[in-house]
Structure formats: structure tokens, C-alpha cells
Amino acid sequence: MEDKVVVNKKVVLKHYIPDGPATESDMELAATDALRLRLPPGSTAVLVKNLYLSCDPYMRSRMTKHDEPSYVDDFVPGTPITGYGVCKVLDSGHPDFKVGDYVWGITGWEEYSLITSAEGLFKINHTDVPLSYYTGILGMPGFTAYVGFYEIGSPKKGERVFVSAASGAVGQLVGQFAKLMGCYVVGSAGSDEKVNLLKNKFGFDEAFNYKKEPDLNKALRRCFPEGIDIYFENVGGAMLEAVLRNMRLNGRIAACGMISQYNLERAEGVSHLFAIVTKCIRMQGFIIFDHFHSYQEFEEKVVQYIKEGKIVYMEDIAEGLENAPAALMGLFAGRNVGKQLVVVARE
């Protein structure tokens, strides 16, 4: 590795944001002091060049200062935002990673990152598929879809599955996993373009534009006249309320996220929770960090699905680190079509 010094551009959070909407202007592109692209002798860190960054809804919560600790740390204003990304190893003192390896995991929103704790890094074993897939279908979102559907949802052939935010990074895969299981699958999305993708690209049996439905309860009843067996929850709020009214006896809800609530100053309540009792519904939230022990099994299976053409995937790509704040905020306005990611460098 050439021993050189660079000025490292980064995206930082300017200040903590109270509950309510965040904007691009809450972040800024800055430059760090000079960074040497070689580790000192004896270091156990990993120095990487960031190639692709993942934009994920949970990152909004990290922009607010919490009194109570959450499952993931708050960002620190003035330092690089962190999240999942795909990187190339430039130098390594860690035995599991060598120069030239491609890895995915938690990294900084910057051109180069010094990763001192490598527990959150995974070596990429399949470079014959697009590396960007490790921000999505083969990374955290894909693994989230896999765990939530198979392990939490406990699906059976022929069951009725509903997926909210179905055209996003997670939802598009849940629907395809469900079809591979022989389930009946319906998805909701926020535009006619996305509804068309769900039905004609991702193979959903039915889909609807929730923004055009004056009554979500009636929309679900139309799509599921016999009720819902499995709901993959990405939205919360009014959608969850309507789903509870349409669940079948012994239904399962895998609670992955609730994107409709992240920018609200006060979260919406759900009034029909008694359905959990009367219909014997199991509703379970999950944190993907707790399941990484089974990641390799997932990777091998899904790579095979990709190569066999059993699963398709759609990405929404923003070019350049300077466009990362806009790409992240676009998630909450529904601007992305497919998995939102940012290209920092292609090599």
C-alpha cells in the first residue's frame, strides 16, 4: 500500500435534532485533518476506502439525543455519520481482513474510515455479484427481510402475507421470499409507479397505493377477504391499525420498523390492540444485530437465488458523498424507488 496522506471528506451531523422532521441542512459536507493511508505498527484496526453507503430509515432516530439508551448509539454532532457500507481494505492489522479484501458493515460517511472495532465487519465472499448488493439484498436490509419473514413470521405454504413499504429495500425482498414459499402476497406503496413495480417486477399478487385509499381498512379487506396470516410491519400508525382489524386467528406480525412515525413530534397511538388478544396474534419486534450468527447461511442461499434468477432487486443510486444527505432524507418523502444507496467511489 502506498504511504500517502489525504484530506478526508465526510458528512457530519451539525447538531442534534428534536423530535420532528429532519432536513438535508441538518447535515453538512466537511473535511477532516489530513489522514495517513497506512496503519502504525502494531495496530489491530482496519483502514478502508468507502465505496457504497446505505441509507436506512433507522438513521433518523440517531440524529436525536435520547435520555434513555437505545439499541444503537446516537450520532455525535461534528463527527462523521455512521451506517452500513461496502468498503475496500487498504491496510489491516486485524487477522480476519487483509489488504484488497472487500468488506461490508458499519463504517463512516466519509471517503476513508479507520475502523478500530472490526466486530461489525463482514468479508464479502461473492464478488461475482454487484458489490453494491451488500448495502441491500446481501447486506443488512436483505438479512432483515430474511430473518423477519422466515424466523419471526414462521410462514407456511398458501398463507396470506401483507407487506407495507413493500417497494423499499426490505419489503421488495419479503414479498419475493413469500412467493418462493408459495404464499399469496400483497404490498402497499406510495405511488402508482411503485405499485406497478410490485406487481410486474417483484411478482406480488396484488398491490395498492395507500395514498389513494381513503379507508385502509377497506383496502385490506378488498385484498384479503379471508384476512391476513403474516404482516411484515415497516410503517406503523394508521397502517398497523388497519392491519390489526384484518388479521386472522393466530396471525403473526414481524415488527421491523415504523417509518411513518420517525419524523413526528408525537407518535400516533393504535387503538385496536385488543385484537392481539381476541385473535391470538403474535407481534414480535426484532433487532438484526441479534441474528448475525446465521448471516453466512443467508448469504449463500440468497446469492444462489440471485444467480438462478429467482429474486430480482432494484437500487436507487445517488452519486457522490455530497448527495448523501439528500438521499437519506428522500427516504422519508418516498422519493426513492428501490434500495437507496450512495456511491462514494467505484474502486
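**Q** Teacher, can you tell me more about the sheet that holds strand β9 (residues 184-189) here?
**A** Consider a sheet: its strands pair through backbone hydrogen bonds, and that pairing is either parallel or antiparallel. Reading across the sheet, the six strands line up as β10-β9-β8-β11-β12-β13 and stay open at both edges, with parallel pairing between neighbours. The sheet terminates laterally at β10 (206-209) and β13 (282-285), the two strands that pair on one side only. Going across the sheet, the axis of each strand differs from the next one's by a mean of 15 degrees, ignoring polarity. Sheet topology places β9 next to β10; four bridges connect them, and they run parallel. Its bridge partner being in β10, Val 186 is matched across the sheet by Glu 206. Against the sheet, helix α2 (residues 171-180) contacts β8 (160-163), β9 and β11 (228-233), and its axis sits at roughly 170 degrees relative to β8.

**Q** What should I look at first to understand the packing of aromatic side chains in this one?
**A** In this description, an aromatic ring pair is defined by two values, namely the gap between the centres and the angle between the planes. One pass over the structure, following the stated rule, counts 21 aromatic pairs. On the numbers, 5.9 Å between centres and 40 degrees between planes, the contact of Tyr 84 with Trp 104 is tilted. Residue Tyr 84 is located in strand β4 (residues 82-92), and its partner Trp 104 is located in strand β5 (residues 102-108); the two are separated by 20 residues in the primary sequence. Note on accessibility: Tyr 84 and Trp 104 belong to one class, buried. Aromatic pair Phe 162 and Tyr 231: ring centres 5.4 Å apart, planes at 15 degrees, arrangement stacked. Pair noted here: Phe 162 is in strand β8 and Tyr 231 is in strand β11, with a separation of 69 residues, a long-range link. Comparing Phe 162 with Tyr 231, the two get one shared label, buried.

**Q** Would you mind going over the layout of surface pockets with me for this structure?
**A** Leftover empty space is mapped by rolling, across the atoms, a probe with the size of a water molecule. When its volume is computed, the second largest pocket comes out at roughly 390 Å³. Lining the second largest pocket are 19 residues, and of these Tyr 84, Ile 106, Ser 117, Gly 120 and Phe 289 sit closest to its centre. The set of elements that each furnish at least two residues to the lining of the second largest pocket consists of β4, β6 (112-115) and β7 (121-123). Its residues placed into classes, the lining of the second largest pocket shows eleven nonpolar, five polar and three charged.

**Q** What is the right way to look at unusual backbone geometry in this model?
**A** Glycine aside, a negative phi is what most residues show, and trans is what most peptide bonds show. One non-glycine residue, Ala 165, lies in the positive phi region at around 45 degrees. Checked against the element boundaries, Ala 165 lands in the loop between β8 and α2. One non-glycine residue, Asn 250, lies in the positive phi region at around 65 degrees. As for its placement among the helices and strands, Asn 250 is situated in strand β12 (residues 247-255). Overall, the relative accessible area of 46% leaves Asn 250 in the partly exposed class.

**Q** I keep staring at the packing of helix α1 (residues 140-152) against α2 and nothing clicks. Help me out?
**A** Packed helix pairs are specified by the crossing angle of their axes together with the interaxial distance, meaning the distance between the axes. For the pair α1 and α2, interaxial distance at closest approach is 9 Å and the crossing angle is 45 degrees. Judged by the inter-axis angle, α1 sits oblique to α2. At the point where α1 passes α2, the crossing takes the right-handed sense. Contacts between α1 and α2 involve Gly 142, Ala 145, Tyr 146, Phe 149 and Tyr 150 from the former and Leu 173, Val 174, Phe 177 and Ala 178 from the latter. Looking at side-chain class alone, the contact of α1 with α2 contains eight nonpolar, one polar and no charged residues.

**Q** Which parts of the structure should I look at to understand the pattern of salt bridges?
**A** When the charged atoms of two side chains lie near each other, side chains of opposite charge can form a pair. Summed over all chains, the structure comprises 15 salt bridges. Across the pair Glu 241 and Arg 245 runs a salt bridge whose closest N-O atoms are separated by 3.8 Å. Placement of both Glu 241 and Arg 245 in helix α5 (residues 237-246) is noted, with a separation of four residues, approximately one turn of the helix. Classification of Glu 241 by relative accessible area gives buried; the value is 14%. What makes Arg 245 partly exposed here is its relative accessible area of 39%. For Arg 346, the salt bridge identified is with Glu 319, shortest N-O distance 2.3 Å. Of this pair, Arg 346 sits in the segment after β15 (339-343) while Glu 319 sits in strand β14 (residues 315-319), and the two are 27 residues apart along the sequence. A single network of salt bridges, built from pairs that share partners, joins Arg 160, Glu 226, Asp 229 and Arg 248.

**Q** Where do I start with the packing of α1 against helix α7 (residues 295-307) in this structure?
**A** Two elements in contact, α1 and α7, have axes separated by 11 Å at closest approach and are oriented at 100 degrees. Considering their axes alone, α1 and α7 lie roughly perpendicular with respect to each other. Each of Gly 142, Phe 143 and Tyr 146 in α1 lies in contact with α7, whose residues at this interface are Tyr 295, Glu 297, Phe 298 and Lys 301. Grouping the amino acids of the contact of α1 with α7 by side-chain chemistry returns four nonpolar, one polar and two charged.

**Q** Is there a simple way to think about the environment of Gly 42 in this case?
**A** Within the secondary structure, Gly 42 is located in the loop between β2 (27-36) and β3 (46-54). For Gly 42 and Glu 322, which are 280 residues apart along the polypeptide, the C-alpha to C-alpha distance reads 34 Å.

Conventions we followed
Residues numbered from 1 in each chain as written. Predicted model: local features only at pLDDT ≥ 70, side-chain atom pairs only at ≥ 80, totals over all residues. Heavy atoms only, no water. Pairing = 2+ DSSP bridges. Helix = DSSP H or I, 4+ residues; strand = E, 2+ residues; numbered from the N terminus. Axes fitted to C-alpha atoms, helices over the stretch in contact; angles between N-to-C directions. Contact = heavy atoms within 4.5 Å. Phe/Tyr/Trp six-rings, centres within 6.5 Å; stacked < 30°, edge-to-face > 60°. Buried < 20%, exposed > 50% of the residue type's maximum accessible area, 1.4 Å probe, protein only. 1 Å grid on protein atoms, 1.4 Å probe; cavity = no way out; pocket = protein on both sides within 12 Å on 5 of 7 lines; lining within 4 Å. Points joined across faces, edges and corners; volume = space filled by probe spheres on them. Nonpolar A, V, L, I, M, F, W, Y, C, P; charged D, E, K, R; others polar. Parallel < 35°, antiparallel > 145°, perpendicular 65-115°, else oblique. Left-handed = near helix turned anticlockwise from the far one by under 90°. Salt bridge = Lys/Arg side-chain N within 4 Å of Asp/Glu carboxyl O.

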